[in-house]
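Letter by letter, the chains look like this.
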Amino acid sequence: MQLDLHDVGKIIQEFFRKPTIEKTARLSKFVQRYSRLGGQTFLQASVFGFIEDPQANLDDLAQACGDLGVEISPQGFDQRLNNQAVEFLKAMLSEAIATFKNKIALPLPILHQFTAINLVDSTVLSLPDNMVVEYPGCGGDGPE
């Protein structure tokens, strides 16, 4: 089934309006009590903020929240970037993969000859020295 751009947009809109977003935010403990910045707004601001600018900073993300009707300072957004936010976003990524899998097919006939497409990320990030115990790394300086 070939989807047109309108259909793809509709599927994406439906995903970002799912009532399960707030439930997932509560289960991950990202949302523990009523807040102006709920799971749905945080998810939309994070995803669309970084789509608009992959180098988005806290000011940009706070502005994205404002565009969604939630006024928050960059510092307020920064305070929400914690382990619970990571767990919430991980859960939403899993849900997005399950939602979009096989719904939005790649319209490239050349890909039909393959049974799978595997993506490998070889990103290397330098972390502060005080994180060496938790993240020893894979270079020559890490423990064996």
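For the structure, see preceding data.
Worth saying up front: this structure is predicted, and the values here are computed from it rather than measured. (Residues numbered from 1 in each chain as written. Predicted model: local features only at pLDDT ≥ 70, side-chain atom pairs only at ≥ 80, totals over all residues. Heavy atoms only, no water.)

Chemist: Which parts of the structure should I look at to understand helix H2 (residues 20–27)?
Modeler: Since the α-helix packs 3.6 residues into each turn, any two residues three or four apart lie on the same face. Among the residues making up H2, those that are buried are Ile-21, Thr-24 and Ala-25. Seen end-on, H2 carries its buried residues on one side only, within an arc spanning 105 degrees. Exposed residues pointing more than 90 degrees away from the buried face of H2 are listed as Lys-23 and Leu-27. For H2, the secondary structure elements touched by its buried residues are helix H1 (5–16), helix H3 (39–52) and helix H6 (83–100). (Buried < 20%, exposed > 50% of the residue type's maximum accessible area, 1.4 Å probe, protein only. Helix = DSSP H or I, 4+ residues; strand = E, 2+ residues; numbered from the N terminus. Arc of directions from axis to C-beta. Contact = heavy atoms within 4.5 Å.)

Chemist: Just to check I follow, could you spell out H6 for this structure?
Modeler: Along its 18 residues, H6 runs 26 Å from first to last C-alpha, staying within 8% of the 26 Å computed at 1.5 Å per residue. Listed in full, the buried residues belonging to H6 are Ala-85, Phe-88, Met-92, Glu-95, Ala-96 and Thr-99. Down the axis of H6, the buried side of the element spans an arc of 105 degrees, and every buried residue falls inside it. Summarising the geometry of H6, the exposed residues directed more than 90 degrees from the buried face are Asn-83, Leu-93, Ile-97 and Ala-98. Looking at the packing, one finds that the buried side of H6 touches H1, H2 and H3. Between a side-chain oxygen at the N-terminus of H6 and the backbone nitrogen of Gln-84 the separation is 3.1 Å; the capping residue is Asn-82. (Expected span 1.5 Å × (residues − 1). Polar contact = N/O pair within 3.5 Å; in protein donor to acceptor, adjacent residues only side chain to side chain.)

Chemist: In this structure, what is going on with the pattern of salt bridges? I would like to understand it.
Modeler: Pairing between side chains of opposite charge can happen when the charged atoms of each approach one another. Tallying each qualifying case throughout the model produces two salt bridges. Close ionic contact of Lys-18 with Glu-95 constitutes a salt bridge, the shortest N to O distance being 3.0 Å. Of this pair, Lys-18 sits in the loop between H1 and H2 while Glu-95 sits in helix H6, and the two are 77 residues apart along the sequence. Its relative accessible area of 25% is what places Lys-18 among the partly exposed residues. (Salt bridge = Lys/Arg side-chain N within 4 Å of Asp/Glu carboxyl O.)

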